[in-house]
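# A structural walkthrough
Residue-level listing of the chains:
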2 protein chains.
Amino acid sequence: MIGDPQPLKESQTMRAGPSQEDIRRHNLGALLRHVHLGGPTSRAELTSKMGLNRSTIMALTSDLTAAGLVREELPRETGRAGRPSLVVRPESARVYVFAFDVGPDRLAVARVGLGGVILDQRETARRRSAFELDELTGALAGFARQMRRKTRDDTVCVGAAAAVSGGVRKADGVVTFGPNLKADEVPFGEELGRKLGLGLPVSVGNDANLAALAEHSRGVGVAVRDLIYLHGDVGIGGGIIAGGHLLGGHDGYGGEIGHMVVNPGGRVCGCGSRGCLEAEVGERALLESAGRFGAGQQGRDAVRAVVEAADRGDIVAQEALSRVGDWLGLGVANLVNIFNPEMVIFGGMLREVYLGSAAQVRTQLTLHAMAPQRERLRLRTSALGDAATLVGAAELAFAHVLADPLEVLARANA
Amino acid sequence: MIGDPQPLKESQTMRAGPSQEDIRRHNLGALLRHVHLGGPTSRAELTSKMGLNRSTIMALTSDLTAAGLVREELPRETGRAGRPSLVVRPESARVYVFAFDVGPDRLAVARVGLGGVILDQRETARRRSAFELDELTGALAGFARQMRRKTRDDTVCVGAAAAVSGGVRKADGVVTFGPNLKADEVPFGEELGRKLGLGLPVSVGNDANLAALAEHSRGVGVAVRDLIYLHGDVGIGGGIIAGGHLLGGHDGYGGEIGHMVVNPGGRVCGCGSRGCLEAEVGERALLESAGRFGAGQQGRDAVRAVVEAADRGDIVAQEALSRVGDWLGLGVANLVNIFNPEMVIFGGMLREVYLGSAAQVRTQLTLHAMAPQRERLRLRTSALGDAATLVGAAELAFAHVLADPLEVLARANA
């Protein structure tokens, strides 16, 4: 089968087998990931799901418990007779990360506990204006400090990550393009890390990529190994999970679906090109087509108003949605041919647009996507909604904890 | 960094650490892959490249030697004093696979030795007509039998795989779409395996996907983890390597780049849509634009004739190439925005088209691809040329040998 390219995977060509210590670290991470993503799990379930024997599970759980990452409890109730299997729970109240979201219309910060529990959250509206690094990082760090003052003494912050709309260079996490970016190179994570003063690096990811990871790990795309997440705000972004991996690209800019040209010679796009998906289906395209572009009319509410007007029979709104839905459908058809995904997820303002133009999208798919690729395709809207980017940022912040649980905690407690 | 999505990789969530036996198998495969892809390698180099100690390398080599997969030899000459390190060579003359290529204009079969050495090859022209399963598999199996009769008694065939133009369903290797396919479901591998009568399954892959793997493992894309291979024949196909893995998609149909719509409402495509990349830049589009479409004018020679005419100053040919180059460039720009690849490779007739229209392709990239994505992009032509599909099929056939060297050889010798 062509589906499994393992023999040509470069990393495997070069890597030797893991040592016993590597295996222990791998298994500690795997167990922690189980309870982080799946919630409280009995030892018996872990034994069967992880394919390890009971004594290994016990030893791993004991290590993670000693490190303060999980605790074991008797289950509330069991339907069965006999001694119940202990349940392993993540220490959500004690071990947490900071997740930041720099959206076009809001700034949000959440304190997220191991297991993905949002423990505390702050957000504020943001003007759509220039990207003032000092002002933005200052506001975000201020929120984090407020939340931190309210935590108990035994809590420990193990990571921090931010979602930004724009391109994030893989090599160093620097933001290199995005709406209203004043400089060519914005060291957002570095500056936010400095202002936080926690001695922790702040990872940075593209918002649509992180939302895709969030839907893949905790949303509508759980267990879906090939999915495309399309995110609409002012711009159109994307996050692609291919074979279970986020498609990062050579420099980290993979998934810039919004700048696929669907209509050559079409509407001018902010990127300098014409007829990009973003230019044809973004917020401005919809509002202009609906005759509603202008002062004070922007953001999710303005988009929702168009969809509602169309529902009520407003012909101009209907035609605008229909036009935008046609281009959206053509864009999705192209992606379906290229990627053969199992699922396409519409998030941000594209959730409303899709719900208001599903017929157009499906028609374009029938016209332009190849039958074998579309037969088993599922179209869905985001399950996490506007929380997707924050949830994704939290997962990014937890990534190194799950990769090496003990090392991270040892450092945090030092 | 967002580039590494490991924490959300499903397979890792579920999988426990490897056993000692798994590690041995992994290392045997890794060592064999080293010499299969890299050629004869000294024990000292293997020790340093694989990060294992000398005694482990010696034990692994000894196992592979006993199995007849590699042999150790004194190097021809060394520039240094002291006892030279033994060189480990793949047993290319003894261990081989059959690779088949069902192209639109030819059928080819190669007997390929471990290490990628083409030991013997047959090919024949093919009429562009219906896909006669019985006739095609009969001809291919006949070639294989001829070659097999010429082999020494101690040789062993360890695998077989075929490249076909068309869609190959991941679940069962059945060909489900393709040019001139008469049935909806063609069990090509099963039928070829039956006719070969070697007791071996025949893996089947899409030709452009296999050519992409070939360029990635032995061609211009070695060590390039993110590349797009564009293949032109009658149709336009693609193979995408993302993060070192072939993009297979949910059902195995990933990479159908030829059916991305670049020109809505444009030329009618064989798939039923309009303005697909294939419709705008395929062989027929070029020959028609150049006023050369008709009886007897088809295939690589006809394409080459257009490029040569343009070189000599033929204005009609120049305009045809320019038009096709514009659409090709727009398609590549879209792919660059979506994937952020390190390299785009032009193969098949697109090699000639690209060489004849590189200026147009580059102009479209500048107009439509985002600067950070195109800054480090390399555009290349196929290094393996028309051998790419056969080389890729051979790699597919060797895949399971490299995954578990001893098991495969034990079965082959039984």
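Everything quoted here is computed from the prediction, not taken from an experiment.

### Brief notes about the interface of chain A and chain B
In this complex, chain A contributes 86 residues to the contact, which on the side of chain B involves 86 residues. The junction of chain A with chain B conceals about 7600 Å² of combined surface from both sides, 63% of it contributed by carbon and sulfur atoms. Viewed at the interface, chain B and chain A are joined by two salt bridges. Taken together, the residues that form the side of chain A that touches chain B break down as 39 nonpolar, 32 polar and 15 charged.

### Considering the state of the cysteines
Residue and element names in this part refer to chain B. Considering all chains together, one arrives at zero disulfides over all chains under this definition. Residue Cys-276 stays outside any disulfide, its sulfur separated by 3.7 Å from that of Cys-271, the closest cysteine. On the basis of relative accessible area, Cys-276 is assigned to the buried category, the value being 0%.

### Observations concerning the domain arrangement of chain A
Residue and element names in this part refer to chain A. Annotation of chain A at the domain level lists domain 1 (21-74 + 86-91), domain 2 (95-210 + 389-396) and domain 3 (223-382). Spacing between the C-alpha centres of domain 2 and domain 3 amounts to 26 Å. With 12 residues of domain 2 in contact, the opposing surface of domain 3 contributes 18 residues. Between domain 2 and domain 3 lies a buried interface of about 1200 Å² when both sides are counted; carbon and sulfur atoms form 50% of it. For domain 2, the biggest contributors to the area lost against domain 3 are Arg-128, Ala-208 and Asn-209; these three give 48% of the whole.

### Some thoughts on the environment of A:Met343
All names here are of chain A. Mapped onto the elements of the fold, Met-343 is located in strand 14 (residues 343-348). Remark: the alpha-carbon pair of Met-343 and Leu-227, spanning 116 residues in sequence, is separated by 4.8 Å. Setting aside its immediate chain neighbours within four residues, Met-343 contacts Val-220, Gly-221, Val-224, Asp-226, Leu-227, Ile-228, Leu-377, Arg-378 and Arg-380.

Rules behind the numbers
Residues numbered from 1 in each chain as written. Chains lettered and ligands numbered in written order. Predicted model: local features only at pLDDT ≥ 70, side-chain atom pairs only at ≥ 80, totals over all residues. Heavy atoms only, no water. Contact = heavy atoms within 4.5 Å. Buried area = accessible area lost by both parts, 1.4 Å probe. Salt bridge = Lys/Arg side-chain N within 4 Å of Asp/Glu carboxyl O. Nonpolar A, V, L, I, M, F, W, Y, C, P; charged D, E, K, R; others polar. Disulfide = S-S within 2.5 Å. Buried < 20%, exposed > 50% of the residue type's maximum accessible area, 1.4 Å probe, protein only. Domains from an automatic or database assignment. Helix = DSSP H or I, 4+ residues; strand = E, 2+ residues; numbered from the N terminus.

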